[in-house]
Amino acid sequence: MEDILQGLNEEQKQAVTYFSSPLLVLAGAGSGKTRVITHKIMFLVNNLGIPSNRILAITFTNKAAQEMKERVQQALGIEEEPQWISTFHSLSAKILRIEAEHLGYNRDFIIYDEEDSKKVIKDVIKELELSEDIYKLERVKNIISQIKQYLDDSILDFYAMTMPHLPKILEKYEEHLVLSNAMDFDDLLLNVVKLFRENPDVLEKWQNKFDYILVDEYQDTNKIQHEILKLLVGDRDCITVVGDPQQCIYTWRGANPENILDFENDFPNTKIIKLERNYRSTETILDTANKIISGAKGRWKEKVLKLWTDKGKGEKPVLVALDTEKQEANFIAKQIKKLLEEGYRYSDFAILIRMSYLSRNLEEYLMKYSIPYQIVGGLKFFERAEVKDILAYLRFAFQPKDTQAFKRIINLPSRGIGEKTIQKIASFKETDWLQAVKDAYESMSPKIKIRLQEFIEIIETVRRYGNEKPSEMAKYVFDAIKYEEYLASKYPKDWEDRLANINELFNALKEIERSGKTFLEFLEETSLAQAQDTIEESNSVKVMTVHASKGLEFPVVFIAGVEDGIFPSGRSFEDMEQMEEERRLFYVAVTRAKEKLFLTMAKLRSSYSGHYNETKPSRFLKDIKENLKLLTTKKKQTVSSKTSKTASTILKTPLSSQTSNSFFTGQLVKHDVFGKGVIKQITGNKAKVIFENVGEKTILLDFLKKA
DNA sequence: CTTACCCAGCTTTTT
DNA sequence: GCTGGGTAAG
């Protein structure tokens, strides 16, 4: 017993050993959240005699799950990894693979990623002949996702007022998914709730499977995840959740800092324990973080945690204002080089950004200084077109109902099969697309017959051997469709890089053959892979979005682009709630740092067109200016000649010099293409303009001139 | 049906 | 600077 509790502080011990009622642990950044969960699992097993496979633990990333599994396994000295440590999405997929039939699905269902779902919605909008201006793809997709996440039909009613055909779209969308034996990300969760609600016996079975449930990063769970927990717990007490409302950064995915407070309502007699002692950062960094969050608003504020540490003062965070983004990147790279001499390693550094496109500029300079780096996240490996192409062949062979896979490959590379032929095939479709192709075969022209024959042969071959030897089959497809030629002609610039990706795919497939996993498991893993899962152990600087940095810590952190419009994002300007989220994001970013923290900004930043725009320092800097040390770099390249002054000087100046591109509502403007117009509304870097000839358009400010 | 070319629009965050 | 869509020619 001493063993497990050793090294924990009083509150942590309490959290680990409390079982009398549902437990909510409010745990600040760096306060040992994950540690509490891991130790509680060990306590359950060692001291209460509960088998590890009867404990369900939910983490936010697969990486965290894997680490927790390993730690628990090692600490308990057990043969097998604990089975039920995973993310909500992986858990749901696992449950649904077993219970799919109850929902009219087949166990071999495919998980549609963002791109697949979007294409389905696009097809549906076309099919229903709706205006793409009113039913904007991105918006419709978001609404559908919201409806599924909030478990609330009134959302549909609400949007249906302006989009009367929305219910029809939703219905058709669902139909398409079921016909493809596919689920989207939201379905994974939603279908579990449906399953449990409609099948009490199934629910009971799963309730009986778990004696205790623990959830990490609870502040970022949404309604539907909460519902899954409620169902699994039933009327028992067996749940501990750990979270921090200050770190809720996924409201756009249905999470809300208030949700964590509702836990008390849904689980009666909830006990609350606060962990406010921070083991990660220096006092100055924590003080800065506390200042940021003390400006927050909202009901959860009463639950605000005040972090403290006995680590000592430490150095003040440094604010550096560079002239341009190039110099910003240059500064960061140089600073890293400098700190390396003080004994830091590359892997001690993280560069955090609010928007992923900011990484390009950084990359350039990291390369220039020969600093090994890894961009975490961004376009993920399995989302790359070439990887998806090859996988689509395997996917389709495996699941010939998969409409999106079929549409992707039937004319890839060009087989002379276009819209018309696909329509024809569709008219023959009864169950799956492969059968439809075979049935439609006779009615095709001789030329197309040959091409279809080739296609069928490829698919049939993959069907025969795909399950055992996916890597060989991938190679076979690659050769059979002459994919290398296709790549070379389609992407003359970077086809070699893409080819390298294909090779990596072959390796990944070989790896699963070795590990004894099935192709389906492989597909599931790849579609649920997260940014953090790709983090390499290598000694390299990590560049990532603030979102991707959740739960991680680094000795030295740079936060780049601390400018209004970037951090906070320009989109949050008109929406209080979103601005609040930006604040929490900033809080998360700052609390990643253990020892040193640099905030950098560029006075001029180029937009995609290459034009430089003046920037304003982030509004969040005002709250923390006394905490910051200001570093200015002299004109010439002598980086060493820096002068220190107070941060407030820089915060005062730029506002007044903002004349060059300041627009206002009602202003007469000119656009190269659209001609003269009047600004109706300005949001962020865009303006709604009514043009005399072409009507209303939303235009980026960069493209407008004063008339 | 395909290809080649032009143009508009654009960058949150992601399971 | 990139991409997806639209269009005209083959």
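Residues numbered from 1 in each chain as written. Chains lettered and ligands numbered in written order. Predicted model: local features only at pLDDT ≥ 70, side-chain atom pairs only at ≥ 80, totals over all residues. Heavy atoms only, no water.

Asker: So what exactly am I meant to see when it comes to the sheet that holds strand S3 (residues 85–86) here?
Answerer: Each strand in a sheet pairs with its neighbour through backbone hydrogen bonds, running either in the same direction (parallel) or in the opposite one (antiparallel). As summarised here, the arrangement of the six strands in space is S3-S2-S6-S7-S1-S8, forming an open sheet in which the pairing is parallel. A single partner strand is all that each edge strand has here, and the edge strands are S3 and strand S8 (271–275). Pairing geometry for strand S2 (residues 55–58) and strand S6 (residues 212–215), over four bridges, is parallel. Within the sheet, the bridge partner assigned to Ala 57 lies in S6 and is Leu 214. Relative to the sheet, helix H3 (residues 33–46) contacts strand S1 (23–27), S2, S3, S6, strand S7 (239–243) and S8, its axis offset from that of S6 by approximately 170 degrees. (Pairing = 2+ DSSP bridges. Helix = DSSP H or I, 4+ residues; strand = E, 2+ residues; numbered from the N terminus. Contact = heavy atoms within 4.5 Å. Axes fitted to C-alpha atoms, helices over the stretch in contact; angles between N-to-C directions.)

Asker: Help me understand the protein's contact with DNA strand B, please; the structure alone is not making it clear to me.
Answerer: The local shell around DNA strand B holds 31 residues, among which Arg 354, Ser 356, Lys 380, Arg 571 and Tyr 608 are the closest. A breakdown of the atoms of DNA strand B within 4 Å of the protein gives sugar and phosphate a share of 51%. A distance of 3.4 Å is found between a phosphate oxygen of DNA strand B and a backbone nitrogen or oxygen belonging to Gly 416. Separating a phosphate oxygen of DNA strand B from a backbone N or O atom of Ile 417 is a distance of 3.5 Å. Looking at the surface near DNA strand B, the element that brings in the most residues is helix H19 (residues 419–428), giving three residues. For the surface near DNA strand B, the class distribution of residues is 13 nonpolar, 11 polar and seven charged. (Near = heavy atom within 4 Å. Polar contact = N/O pair within 3.5 Å; in protein donor to acceptor, adjacent residues only side chain to side chain. Nonpolar A, V, L, I, M, F, W, Y, C, P; charged D, E, K, R; others polar.)

Asker: Teacher, can you tell me more about the packing of helix H6 (residues 114–127) against helix H7 (residues 137–150) here?
Answerer: Between two packed helices, what matters for the description is the angle formed by their axes and the separation of those axes. Two elements in contact, H6 and H7, have axes separated by 10 Å at closest approach and are oriented at 110 degrees. Here H6 is positioned roughly perpendicular relative to H7, judged by the angle of their axes. The chirality of how H6 crosses H7 is right-handed. In this structure, H6 contributes Glu 114, Lys 118, Ile 121, Lys 122 and Ile 125 to the contact, and H7 contributes Leu 137, Glu 138, Val 140, Lys 141 and Ile 144. (Parallel < 35°, antiparallel > 145°, perpendicular 65-115°, else oblique. Left-handed = near helix turned anticlockwise from the far one by under 90°.)

Asker: Is there a simple way to think about helix H13 (residues 259–266) in this case?
Answerer: Looking at H13, one finds that the buried residues are Asn 259, Ile 260, Leu 261 and Phe 263. Tucked inside the fold, the buried residues of H13 contact S1, helix H12 (223–233) and S7. (Buried < 20%, exposed > 50% of the residue type's maximum accessible area, 1.4 Å probe, protein only.)

Asker: Got a minute to help me understand the side chain of Arg 498 in this structure?
Answerer: With respect to the secondary-structure elements, Arg 498 resides in helix H24 (residues 495–515). On the accessibility criterion, Arg 498 (17% relative accessible area) is buried. Engagement of the side chain of Arg 498 in a polar contact is seen with the side chain of Glu 386, the distance being 3.1 Å. Leave out the neighbours within four places in its chain, and Arg 498 touches Ala 385, Glu 386, Leu 487 and Tyr 491.

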